Structures are given as C-alpha cells and as structure tokens.
Number of protein chains: 2
Amino acid sequence: MNIADQTFPAVDSANEDRAQTIRDQLRDAIVDRRLAPGTKLSEGEVGTLFDVSRTVARAALQMLSFEGLVRTERNRGAFVANPSPEEARQVFASRRLIEPGIAIAAAGRMTPAHVVAFKAQLDEEGRFIAERGPNARRSEIKASGDFHLLLASVAGNTILQRFMEELVARSSLVIALYGRSGISSCGHSEHMNILEALENGNSERASALMLHHIDHIEADLDLRVRSGPALRQALES
Amino acid sequence: MNIADQTFPAVDSANEDRAQTIRDQLRDAIVDRRLAPGTKLSEGEVGTLFDVSRTVARAALQMLSFEGLVRTERNRGAFVANPSPEEARQVFASRRLIEPGIAIAAAGRMTPAHVVAFKAQLDEEGRFIAERGPNARRSEIKASGDFHLLLASVAGNTILQRFMEELVARSSLVIALYGRSGISSCGHSEHMNILEALENGNSERASALMLHHIDHIEADLDLRVRSGPALRQALES
DNA sequence: CGCGCCAAAATCGTATGCAATCTTTTCTCG
DNA sequence: CGAGAAAAGATTGCATACGATTTTGGCGCG
C-alpha cells in the first residue's frame, strides 16, 4: 500500500489554506486504512500528488505528526504512525477518562436537531454495515468514528472536541493494527443505546454506557507484543 | 510589550530540531507573560531574533498555533492568543474533566523518587512566592504550572501529558487576562495537600483535592465580558 | 553466493526569491 | 482641516534552490 497508488479528490476550491486541506485528506486516508501504518509519506510525493510544493506538503505532514497520526524522524521523513501496544493502551485510557465526561456534557445539551443528526448518523452506520465490499468497510470505519465526533461536537467544548478528534483517529490506527475482528462495528447497537440515554437526558446512563462501549472496543484488541517493540517499525514499509 | 524587546538564550547546541527549540522558548515567554496576549509575532522578527530563516520561524509559530497559544490569521500573521471568556471556561472545563483522573493514575504510580521530585518542586514554588520582584513572579507562575505537569508525567500517559501541557499553558494565558489577584499562587498549600494525598496513595482524596484546586483557580477569574467579544482583539497590540 | 564498500540517486533541512495581500503613509479634494 | 484614495512599504504564502544526510545500487573480494 503505497501512497503513490492513492487518488485524492482534486484540491478543490482553494483560496484558503491548502496545507489544511491536504492534512484532512491524508488523515481520512489514514483513518479508513487506505494508507497502512508504516507507509512512507515523502514530502515530494505528497507535494506531487496534491500539486503543491514541498513547503506546503511538509506543513501538512507536520500537522499530522502533532496529531500523532504520523511519525517523523529527522532526515528520514514522515511515516504513517505505527502505535505500539503501550501507545494503544494510552489511547484507550485517555478515551476512558474523557469520553464519559463528554457524554455527560452532551446529555445536558441535546436538542431535537441533535437527535435528528444522531439518527441520520446511526442510519448511515447501519447501512454501511449491511453492505459488502472494502469500500463499505472503509465507510463503516469512518462512520463509527464519526458517531463519537458528533457526540464531542454536541458537548460544546472545542478543546475537548479537538482532543477527541485526535483520539478517534488514533484509535482507528490502533484497531487496524491490533483488532481481532478487524472491525469496530461491534458497537453499533451500543451506539444506539447511548443515543437513547442521551435523548432521555439520562446523563449517568449515557456516561456508563460510553465507558462500557470503550471497554468493549479495547477488549477486541490483541495487545500482546509480537516481536521486539520496534525493529525499526518492521522495516517501515 | 513587543517581541523585539525580548531576549532569548542563544539557540544553543543545535544539530537537532531548531524549530522545536524556538517553539519552547516562545512558549516559555508566553506562559510567564513576557509576551502579552495579542502581541504580534512576525515571522521575520522571530527569525532574526533566533537567527534562523523565516521557514524555521514559521514552523515554530505553526506548532504554537496547534497548541492554542498563538492564533494565526491568513495573510496577517501570528499573534499571542487572546482567549475569550468562553475559551477560558472551556480550558477549565477540560481540566476539571482530565486532571482528577490524572491524579488518580499518579497516585497509583508514586515512587519515593517521585515524592522527592515533588518536594523539590514545591520547595522551589515556595521560594519564588517568598521572593519579590517581577522575575520571581514569573518564576512562580512557571513553577505553579510545573507542579501540574510533574503530576501528569507521573501519571505515565504521554497523550494525556501532552494534553495537560497544552491546558496548563493556556491556563496561564487565561489567568494573565482574567485573573483578579493576578497570581495563581493561591494554590501553594493546595498543592501540598495534594502531594500528601498522593504520598499516602489516597487516590480518591488526591482526585477530590485536585478538583477543588481547579475550582479555586477558576473562581479567581473574572470572566464577565467587557466589551464586544473581539473588536479585532482590541486592535491586536 | 554473500558481504562490505563506494558512488549515484533520492530525500530532507533550510535559505532565499517573488507575487499576493495587508498596512501605513502620503496626497488629493471637498 | 478631515475623509478617502493612491502609492509606498512591510509581511505573508508559496515555490524553488542548494548543501547535508540517507538510501540505493552496483562492484569487487572473500
């Protein structure tokens, strides 16, 4: 899975920040696994693919490295992150700490409009689960994460929202690497239960369900170390 | 308070990442208020001051903008962030959610070495409080934040640690803007109480004390909006 | 056939140049 | 004298250039 094989939507309406656009597209590609962990992301290739100079490509990669989706090594370049089991545990520990609180905050701010948005979100999620094919699989992964991001946006704290964006994205990487069933969709019904609690303003229940949900996702992981922790990340790619 | 008036330690042993070094120095300057909120940070000036090209200065400013310490506007440049009351509330809401959990994690991982480090930290804090003069004031602000960062490092989760670094830094900005007593040192005895709970492995108490501590800091703020929310950030600087 | 060594190619880190945009100053006209 | 427009200056966004470092691809030798 080389980055050169990827195709990206033309870098559309472009008077605003192009580095940000590129970052978003690369993040999507990483999150829904079109780019495997360890893949080299060279400035030149990224620049060529998006038709910008290395300067801009580099800025986009720097952003992704702040989010922990990309690891950069001096004089060697950028690679799609390859989280270790320890990092994986930390990602989920962070989510266990933050997301129940987000659920509580969101429960107190739900409006009918929010409910509609959630229903649409869960519908889409269900549709992708029913479909077959790798494309549906990718969309399903994305939709599953989007549920959590929607929740974070309802909670109304932009700082926590950004933290969650990072954690959800990194979770996708972790699941790609360590997931047993390979898919995180196991949680669709749990998402529905959480929504129900939110709808009823039952913040305690929403919070508890969220905690269990995260535990279930993590329980699907196999975090035993295989080889040495690095070996230069299995030769990178 | 112009950036050109600032002096920075020579950009020392420098084969490794210079942008990162510059970011750290600028962050320190922002956190201990040598650079006031709203101050313009032009790429050229930063570059000249640290004796690097605009390319590197720009990268450092981009990093700070990710941390929320600097706000960048397209074609206008970078400014020390000027958090609104709403942002201020979000910073503290985030800390209330995260830091009690960090305290619990840290309580379970305290070693005698950690205790020594905390004691040294609190000593330093106390010394700066006793001293007079703006330099001691600055050191005091930094030391107060460092207590929280030390706690985060003991907790052993690098992701949460980074989140806390961001939140502590932004808190300093918020206190600079909205603090009544101007100083956050009010919490020195609270820090000592928290350490005591940590030392005894009393995680529940440490967590509760931390929550109260954050509440006390926030209670010292005056978050009433003064004028319109922006007016282009009071003409920037 | 495998292994180390050296040159060639690729890639990165950084400085610099240029056009576009924003800011400031100056000038004009009411 | 003040308001608005035009010009000059400063600053940013981005591309490109070049030395430094890393990777790759022989090539000889054991």
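All values derive from a computational prediction rather than experimental measurement.

So, how was this worked out
- Within each chain, residues carry numbers counting from 1 in the order of the written sequence.
- Chain letters start at A and ligand numbers start at 1, both assigned in the order the entries are written.
- Selection of residues for local features in this predicted model requires a pLDDT of at least 70, selection of side-chain atom pairs for listing and counting requires 80 or more, and totals for whole chains, interfaces and linings are taken over all residues.
- A least-squares superposition brings the copies together, and it is based on the C-alpha atoms of residues with pLDDT no lower than 70 in both.
- The contact criterion used here is simple: two residues whose C-beta atoms, placed from the backbone, lie within 7 Å are in contact.
- DSSP calls a pair of strands paired once it identifies at least 2 bridges connecting them.
- Numbering of helices and strands starts at the N terminus; helices are DSSP runs of H or I of at least 4 residues and strands are runs of E of at least 2.
- Any residue qualifies as near a molecule or strand once its backbone-derived C-beta atom lies within 6 Å of it.
- Here the term charged refers only to Asp, Glu, Lys and Arg, the term nonpolar to Ala, Val, Leu, Ile, Met, Phe, Trp, Tyr, Cys and Pro, and the term polar to all other amino acids, Gly among them.
- Domain start and end points were adopted from an automatic or database domain assignment.
- Multiplying one less than the number of residues by 1.5 Å gives the expected span of a helix.
- Note on terminology: a nonpolar core is any set of buried Ala, Val, Leu, Ile, Met, Phe, Trp, Tyr and Cys residues joined through C-beta atoms within 7 Å.
- Exposed residues have 12 or fewer other C-beta atoms within 10 Å of their own C-beta, buried residues have 20 or more, and partly exposed residues fall in between, where C-beta atoms are placed from the backbone.
- Interaxial angle, 0 to 180 degrees, is taken between N-to-C directions of lines fitted to C-alpha atoms, where a helix line uses only the stretch in contact.
- Between 65 and 115 degrees an angle is taken as roughly perpendicular, under 35 as roughly parallel, over 145 as roughly antiparallel, and anywhere else as oblique.
- The sense of a crossing depends on the near helix, which, turned anticlockwise from the far helix by less than a right angle, makes the crossing left-handed and, turned clockwise, makes it right-handed.

As for the relation of the copies chain A and chain B
Then comes step 1: Structural alignment of chain A on chain B gives an RMSD of 0.0 Å, achieved by rotating through 180° and translating 0.0 Å along the axis. Within this description, the copies of the chain are treated as partners about a two-fold rotation axis. Measuring from the rotation axis to each C-alpha of chain A, the shortest distance belongs to Ile98(A), at 3.3 Å.
Then comes step 2: A high fraction, 100%, of the interface residues of chain A reappear at the interface in chain B, so the copies pair face to face through one surface.

Some remarks on the pairing of strand E3 (residues 77-80) of chain A
Residues and elements named next belong to chain A.
Then comes step 1: Taken together, the 2 bridges between strand E1 (residues 40-41) and E3 define a ladder with antiparallel strand orientation. Looking at the pairing, Leu-41 lines up with Ala-78 of E3.
Then comes step 2: Sheet analysis places strand E2 (residues 70-73) next to E3, joined by 4 bridges and oriented antiparallel. Along E3, the bridge assignment pairs Glu-73 with Gly-77.
Then comes step 3: The turn linking E2 back onto E3 is made up of 3 residues, and Asn-75 within it adopts a positive phi angle of 65°.

Regarding the protein's contact with DNA strand D
Then comes step 1: Inspection of the region around DNA strand D gives 16 residues, with Ser53(A), Thr55(A), Asn75(A), Ser42(B) and Gly77(B) positioned closest.
Then comes step 2: For the surface near DNA strand D, the secondary structure elements donating two or more residues are helix H1 (18-31) and helix H3 (54-66) of chain A together with helix H2 (43-50) of chain B.
Then comes step 3: The greatest single-element share of the surface near DNA strand D, amounting to 3 residues, is contributed by H3(A).
Then comes step 4: Grouping the amino acids of the surface near DNA strand D by side-chain chemistry returns 3 nonpolar, 8 polar and 5 charged.

Examining the domain arrangement of chain A
Residues and elements named next belong to chain A.
Then comes step 1: Structurally, chain A comprises domain 1 (6-80) and domain 2 (85-219).
Then comes step 2: Here the C-alpha centroids of domain 1 and domain 2 sit 25 Å apart.
Then comes step 3: Every contact between the two is made by 9 residues of domain 1 and, on the other side, 11 residues of domain 2.

What to know about the interface of chain A and chain B
Then comes step 1: Each side of the interface is counted separately: chain A has 17 residues, and chain B has 17 residues.
Then comes step 2: For the side of chain A that touches chain B, the secondary structure elements donating two or more residues are H3, helix H4 (85-107) and helix H7 (158-178) of chain A.
Then comes step 3: Element by element, the count of residues in the side of chain A that touches chain B is highest for H4(A), at 7 residues.
Then comes step 4: The residue makeup of the side of chain A that touches chain B, split by class, is 9 nonpolar, 6 polar and 2 charged.

A few points about the protein's contact with DNA strand C
Then comes step 1: Among the 17 residues in the neighbourhood of DNA strand C, the closest are listed as Glu43(A), Gly77(A), Ser53(B), Thr55(B) and Asn75(B).
Then comes step 2: Listing elements by their share of the surface near DNA strand C, those giving two or more residues are helix H2 (43-50) of chain A together with helix H1 (18-31) and helix H3 (54-66) of chain B.
Then comes step 3: Looking at the surface near DNA strand C element by element, the count peaks at 3 residues for H3(B).
Then comes step 4: Of the residues that constitute the surface near DNA strand C, the class distribution is 3 nonpolar, 8 polar and 6 charged.

Let's talk about unusual backbone geometry
Then comes step 1: The phi dihedral of Asp51(A) is positive, around 60°, even though this residue is not glycine.
Then comes step 2: Among the structural elements, Asp51(A) can be located in the loop between H2 and H3.
Then comes step 3: Here the phi dihedral of Asn75(B) falls at roughly 65°; this positive angle occurs in a residue that is not glycine.
Then comes step 4: Locating Asn75(B) in the fold gives a position in the loop between strand E2 (70-73) and strand E3 (77-80).

Points about helix H8 (residues 188-199) of chain A
Then comes step 1: Here H8(A) spans 17 Å end to end across 12 residues, near enough to the 16 Å set by a 1.5 Å rise per residue.
Then comes step 2: Remark: Gly201(A) follows H8(A) within two positions and exhibits a positive phi of approximately 65°.

Observations concerning the sheet that holds E2(B)
Then comes step 1: The sheet built from 3 strands is open, its strands ordered E1-E3-E2 (chain B) with antiparallel pairing. Of all the strands in the sheet, just strand E1 (40-41) and E2 of chain B have a single pairing partner and so form its edges.

Thoughts on the nonpolar core
Then comes step 1: Ranked by internal contacts, the top residues of the largest apolar core, which has 122 residues, are Ala60(A), Ile102(A), Ala60(B) and Ile102(B).
Then comes step 2: Ignoring sequence-local partners within four residues, the contact set of Ile102(A) consists of Leu151(A), Ala152(A), Ala155(A), Leu160(A) and Met164(A).

Remarks on the packing of H4(A) against H7(A)
All names here are of chain A.
Then comes step 1: Put simply, H4 and H7 touch, their axes get as near as 9 Å, and they point 140° apart. Relative to H7, the element H4 is oriented oblique. Between H4 and H7 the crossing geometry is left-handed. Facing H4, whose interface residues are Pro-85, Ala-88, Val-91, Ser-94, Arg-95, Ile-98 and Ile-102, H7 presents Leu-160, Phe-163, Met-164, Leu-167, Arg-170, Ser-171, Val-174 and Tyr-178.
Then comes step 2: When grouped by side-chain class, the residues that make up the contact of H4 with H7 number 11 nonpolar, 2 polar and 2 charged.

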